[in-house]
Amino acid sequence: GFPAPALYKQHAGPLQVATSTHNSPNPTNDADTAPKDSVVLPAYSTEDKYEDDPWNLPELQDNGLKWSELDTKGKVLRVLTAIVKFILLVGFLYMFVCSLDVLSSAFQLVGGKAAGDIFQDNAVLSNPVAGLVIGVLVTLLVQSSSTSSSIVVSMVSSGLLEVQSAVPVIMGANIGTSVTNTIVAMMQAGDRNEFRRAFAGATVHDFFNWLSVLILLPLEAATGVLYKLTKIIIDSFNIQGGNNAPDLLNVITDPLTDAIIELDKNVISDIATGDPAARNKSLIKIWCKTEKITTLVNITVPSAANCTTGALCWVEGNKTLTQINVTETINLERCNHIFVYANLPDLAVGLILLALSLLILCTCLILIVKLLNSMLKGQVAVVIKKVLNTDFPFPFGWVTGYIAIMVGAGMTFIVQSSSVFTSAITPLVGIGVISLERAYPLTLGSNIGTTTTAILAAMAAPGETLANSLQVALCHFFFNIAGILLWYPIPFTRIPIRLARALGNRTAKYRWFAALYLLLCFLLMPLTILGLSLAGWQVLVGVAVPIVVLAIFIIVVNLMQARCPQYLPSGLRDWDFLPRPLHSMAPWDRVVTSGMAFCGARCCCKCCQSTDDEEKGLQERKKSLEIYDNPVLTRDDEPQETSKETMKATQL
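Residues numbered from 1 in each chain as written. Predicted model: local features only at pLDDT ≥ 70, side-chain atom pairs only at ≥ 80, totals over all residues. Heavy atoms only, no water.

In the annotation of an unreviewed UniProt entry, the protein chain is listed under the name Sodium-dependent phosphate transport protein 2B and assigned to Oncorhynchus tshawytscha. Under the UniProt heading Subcellular location (unreviewed entry), the note attached to the protein chain is "Apical cell membrane". (UniProt positions renumbered as here; feature names shortened; annotations may be inferred.)

Next up, the structure:
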């Protein structure tokens, strides 16, 4: 039987409260005693409840037996199950991190040489806006801000790029690295509310980076504040080269990832610095152990003036000879990855690894979410949610966020990748373990953590490139510090949270909008800005200024429509004077939905084969819905039309 709570009022319609009598011993008497001036409607399922706020963290309730109610066998089984689940969770997390590493390698194989070609045009890089979008595109191609930053450092060290021109590229790399966790969030599109929270948790990183660039890029172009600050630090301290950045997570993941693929990342840097021989090299590393031998070789020169400085120079007959050093690389040991003997081009190997890594990434993410949902129940869920989301007592509540920033920085330093850390917390935000307000400072700390790794890597640079490498890394560090000072200390300035929540609501309603957002923000918009920059700053200003003015006008009008519409002209108090596709997503949603339905009907044979099964299922559902229509509760003098209408409402 069904439980018998009171039904909920439907505020939007004529439905009134009626008491369910499924379990009543004498339903006829209840119906007979109903007032004559009221309409008693059929009973409804208890699932028709008010929808909670989707941003509230869900209660992960334990539906099983309590520990005290279990016998010895049940307790042993529960402990063993928990241990197995924990081992599986660690294993899936390991595969998840390794798949992110292989995904980065795949993107470098597919677009690494193109990224090097993009960096070759130094005249374009001198334009701050063009440098910014080049940083975004290159990081998108190689899926690693560390790789794009190392290319910039190589170009600065070789004199092809000035540090001041490298700062916008570093800002763009900071934006491009946030695309990975946005892709991860799209894997949770199956559940609407999980997708809402996960996508907001991922894009809060995007909004922080874009808003920081919106303020700091014009400031840097006008004053050079980051360049001057880091220059003072470099000149003030006698900084000596140190050891390499410690390998922490890489020690665990490298055995598996190196067995799949190893790359020679120097090829991309060599292409960017203009080495013509690098264009014909493969990014796939074949020889992992090599030795370089330098020998003196006699060569013929036109005259004694062409002899090598400090080297022997002599004449034999009609020839002038001198000696030069020739370095020869001897291959000692081949690598052990699976593509070392595959005679395939870089693009083919990249596409294979791209498909493989995305498959493993999606599978691991789905399994991780399911395992977490099954493990985080009852008292465990209460403890974890309290630890992660509870603030310190008054008056120290403000300290909690800064501790979260330090935790994010420390965890990112351990895993040595902001993409890995933010991609790992994204599903936790989706299932409701971490709130959006707590994920925001963790993400900000992740931005700082990835720069500290870059600073340590720069400290290990040779003496002649140490200053430039360290200055570029410090520019990245102070850019993130300035962004945190802009968008975190005062609660009113935490605009990225509000923007991410609004985007999460939009993508939960129209899930295809997530893919559109990715294409617009990380591909189409950077490519458009890059094209306008190549055409000249006059063209860029002529096109960008009207668009920016229009965007500001729309934002101001929207705010006034929501808060003080009486100050607007009557025609601007809503957008109904525009065609509906220009102020509503509903028409576009119908187009996308119908297009997907058409493709599904055409491409999926299962749809055609299961039509009969679907019709049978529909008939069964109709029959099951009919049980909610209790004829005892229907008034004899009630019109037949009302009964039909209420039956339709019940079925809906």
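Novice: I tried to follow the sheet that holds strand β1 (residues 287–301) on my own but got confused; where do I start?
Specialist: Either a parallel or an antiparallel arrangement is found when strands of a sheet pair, and the pairing is made through backbone hydrogen bonds. Spatially, β1-β3-β2 is the arrangement adopted by the three strands of the open sheet, whose pairing is antiparallel. Here the strands that pair on one side only, and so sit at the sheet edges, are β1 and β2 (313–316). Here the strands of the sheet are splayed against their neighbours by 40 degrees on average, with no regard to which way each runs. With 14 bridges connecting them, β1 and strand β3 (residues 319–334) associate as antiparallel partners. Bridge assignment links Thr300 to a residue of β3, and that residue is Leu321. (Pairing = 2+ DSSP bridges. Helix = DSSP H or I, 4+ residues; strand = E, 2+ residues; numbered from the N terminus. Axes fitted to C-alpha atoms, helices over the stretch in contact; angles between N-to-C directions.)

Novice: Even after reading the chapter, I still don't get helix α15 (residues 418–431), so can you show me in this structure?
Specialist: Because an α-helix completes one turn every 3.6 residues, residues spaced three or four positions apart along the sequence face the same direction. Here α15 spans 21 Å end to end across 14 residues, near enough to the 20 Å set by a 1.5 Å rise per residue. Most of α15 is tucked away: 13 of the 14 residues are buried. Positive backbone phi, approximately 95 degrees, marks Gly432, located one or two places after α15. (Expected span 1.5 Å × (residues − 1). Buried < 20%, exposed > 50% of the residue type's maximum accessible area, 1.4 Å probe, protein only.)

Novice: So what exactly am I meant to see when it comes to the state of the cysteines here?
Specialist: Applying the stated criterion to the full structure yields one disulfide. Here Cys288 is linked by a disulfide to Cys335, with a sulfur-sulfur distance of 1.8 Å. The sign of the S-S torsion, about 110 degrees, decides the handedness of the disulfide formed by Cys288 and Cys335: right-handed. Of this pair, Cys288 sits in strand β1 while Cys335 sits in the loop between β3 and α12 (346–375), and the two are 47 residues apart along the sequence. On the basis of relative accessible area, Cys288 is assigned to the partly exposed category, the value being 38%. Under the relative-accessibility criterion, Cys335 is labelled buried at 4%. (Disulfide = S-S within 2.5 Å.)

Novice: Would you mind showing me how to read the pattern of salt bridges here?
Specialist: Where side chains of opposite charge bring their charged atoms close, a pairing between them can arise. Under the criterion given, the structure shown has one salt bridge. The partner of Arg501 in a salt bridge is Glu437, with the nearest N and O atoms 2.4 Å apart. Of the two residues, Arg501 is situated in helix α18 (residues 495–509) and Glu437 in helix α16 (residues 436–459); the sequence distance between them amounts to 64 residues. Taking the relative accessible area as the measure of exposure, Arg501 reaches 22% and is therefore partly exposed. (Salt bridge = Lys/Arg side-chain N within 4 Å of Asp/Glu carboxyl O.)

Novice: How do you make sense of the environment of Trp512 when you look at a structure like this?
Specialist: By the secondary structure assignment, Trp512 is in helix α19 (residues 512–535). Separated by 326 residues in sequence, Trp512 and Met186 have C-alpha atoms that sit 9.9 Å apart. Not counting residues within four places of it along the chain, the set of residues in contact with Trp512 comprises Met585, Trp588, Asp589 and Val592. (Contact = heavy atoms within 4.5 Å.)

Novice: Honestly, a nonpolar patch on the surface in this entry has me stumped. Any pointers?
Specialist: Where nonpolar side chains cluster on the molecular surface, the patch consists of Phe392, Phe396, Trp398, Tyr402, Ile403, Met406, Val407, Met411 and Ile414 and spans about 880 Å² of accessible area. Relative to the helices and strands, Met406 is located in helix α14 (residues 399–415). (Patch = residues over 30% accessible without salt bridge, like charges linked within 9 Å, V, L, I, M, F, W, Y side chains within 5 Å. Areas by Shrake-Rupley, 256 points an atom, 1.4 Å probe, with all protein chains shown as cover.)

Novice: Is there a simple way to explain the nonpolar core in this structure?
Specialist: One finds Met171, Phe199, Val213, Tyr440, Leu444, Ile484 and Phe522 to be the most contacted residues of the largest nonpolar core, which totals 54 residues. When residues in this core are grouped by element, the largest group, 12 residues, is from helix α8 (residues 192–223). Leaving out residues up to four positions away in the same chain, Ile484 has contacts with Phe208, Ile405, Leu444, Ile448 and Pro489. Membership of the second largest hydrophobic core comes to 40 residues, among which are Val138, Val142, Ile260 and Ile271. (Core = buried A, V, L, I, M, F, W, Y, C linked by side-chain atoms within 4.5 Å.)

Novice: Explanation requested: the pairing of β3 in the structure shown.
Specialist: Note on strand geometry: in a regular strand, side chains alternate between the two faces of the sheet. One ladder, built from four bridges, connects β2 with β3; its direction is antiparallel. Across the sheet, residue Val315 finds its bridge partner in β3, namely Thr320. Between β2 and the antiparallel strand that follows it, β3, lie two residues; Gly317 among them carries a positive phi value of about 65 degrees.

Novice: What is the right way to look at the side chain of Gln561 in this model?
Specialist: As for its position among the elements, Gln561 is in helix α20 (residues 537–563). Within the structure, the side chain of Gln561 is placed 2.8 Å from the backbone oxygen of Leu572, a separation counted as a polar contact. Ignoring any residue separated from it by four or fewer positions in sequence, one finds Gln561 in contact with Leu568, Leu572, Arg573, Asp574 and Trp575. (Polar contact = N/O pair within 3.5 Å; in protein donor to acceptor, adjacent residues only side chain to side chain.)

Novice: Would you explain the packing of aromatic side chains in this entry?
Specialist: The description of an aromatic ring pair uses the distance of the two centres, along with the angle that the planes make with each other. For the structure shown, the criterion picks out 10 aromatic pairs. Taking 6.1 Å as the distance between ring centres and 75 degrees as the angle between the ring planes, the aromatic pair formed by Trp398 and Tyr402 counts as edge-to-face. Members of the aromatic cluster, each reached through a chain of ring pairs, are Phe195, Phe199, Tyr517 and Phe522. The residue whose ring lies beneath Arg334 is Trp287, and the NZ or CZ to ring-centre distance is 4.7 Å. (Phe/Tyr/Trp six-rings, centres within 6.5 Å; stacked < 30°, edge-to-face > 60°. Lys NZ or Arg CZ within 6 Å of the ring centre and 35° of its normal.)

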